Amino acid sequence: MAHFAKINSENIVEKVEVVSNDIATTEQAGVDFLNNFYNTNDNWKKTSYNTRGGVHLLGGTAFRKNYAGVGYTYDESKDAFIPPKPSATWILNEATCIWEPPVPYPNDGQRYQWNEDTQNWQIAQDVN
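Criteria and thresholds
- Residues numbered from 1 in each chain as written.
- Predicted model: local features only at pLDDT ≥ 70, side-chain atom pairs only at ≥ 80, totals over all residues.
- Heavy atoms only, no water.
- Helix = DSSP H or I, 4+ residues; strand = E, 2+ residues; numbered from the N terminus.
- Rg over C-alpha atoms; globule rule 2.2 N^0.38 Å.
- Buried < 20%, exposed > 50% of the residue type's maximum accessible area, 1.4 Å probe, protein only.
- Contact = heavy atoms within 4.5 Å.
- Areas by Shrake-Rupley, 256 points an atom, 1.4 Å probe, with all protein chains shown as cover.
- Lys, Arg positive; Asp, Glu negative; His and termini not counted.
- Charge placed at Lys NZ, Arg CZ, Asp CG, Glu CD.
- 1 Å grid on protein atoms, 1.4 Å probe; cavity = no way out; pocket = protein on both sides within 12 Å on 5 of 7 lines; lining within 4 Å.
- Points joined across faces, edges and corners; volume = space filled by probe spheres on them.

Participant: Could you clarify how one ought to interpret the overall build of the protein chain in this entry?
Facilitator: Looking only at helices and strands, one finds one helix and 11 strands in the protein chain. In sequence order, the secondary structure elements of the protein chain are arranged as β-β-α-β-β-β-β-β-β-β-β-β. Taking 14 Å as the expected radius of gyration for a compact globule of 128 residues, we find that the protein chain reaches 18 Å, considerably beyond that expectation. Dimensions of the protein chain, computed from the C-alpha atoms along their principal axes, are close to 50 × 35 × 30 Å. Put simply, the protein chain has 128 residues, and 34% of those count as buried. Counting only contacts in the protein chain whose residues sit at least 6 apart along the sequence, the fraction spanning at least 24 positions is 32%. Carbon and sulfur atoms make up 48% of the accessible area of the protein chain, which amounts to about 8100 Å² in all. A gap of 3 Å separates the mean positions of the 10 positive and 16 negative side-chain charges of the protein chain.

This is the structure we're talking about:
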């Protein structure tokens, strides 16, 4: 199955649709199918379900850095989908198009959550 992201005029992903590979034999064929189906002339970009951080998770060819999700931004100059920024202090990794915290996640087996006030990780509190 092929996945296509609908991009609005601000380059934000509004929805992601699935099109059969028999129909989406090329990216343009998938775009044409969706615009004919919806009777529109929307901006659609193919996205790879198995791509994250510029790596194809199954060993194939990575496509547009990340699988698109609603709220992601399409950066035309990078030809990449960029997720929403999770926190004000996080920095975009230009190679992967993934946001990274200014302090690496601790690797001690505990669960942490980002604290923007202290700009550091704190142990996550279980909610019962």
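Participant: Would you mind showing me how to read the layout of surface pockets here?
Facilitator: Using a probe with the size of a water molecule, rolled over the atoms, empty space left in the structure can be pinpointed. In this structure, the largest pocket occupies an estimated 180 Å³ of space. Lining the largest pocket are Met-1, Ala-2, His-3, Asn-21, Lys-46, Thr-47, Ser-48, Tyr-49, Asn-50, His-56 and Phe-63. For the lining of the largest pocket, the elements supplying multiple residues, two or more each, are β1 (2–7) and β3 (43–47).

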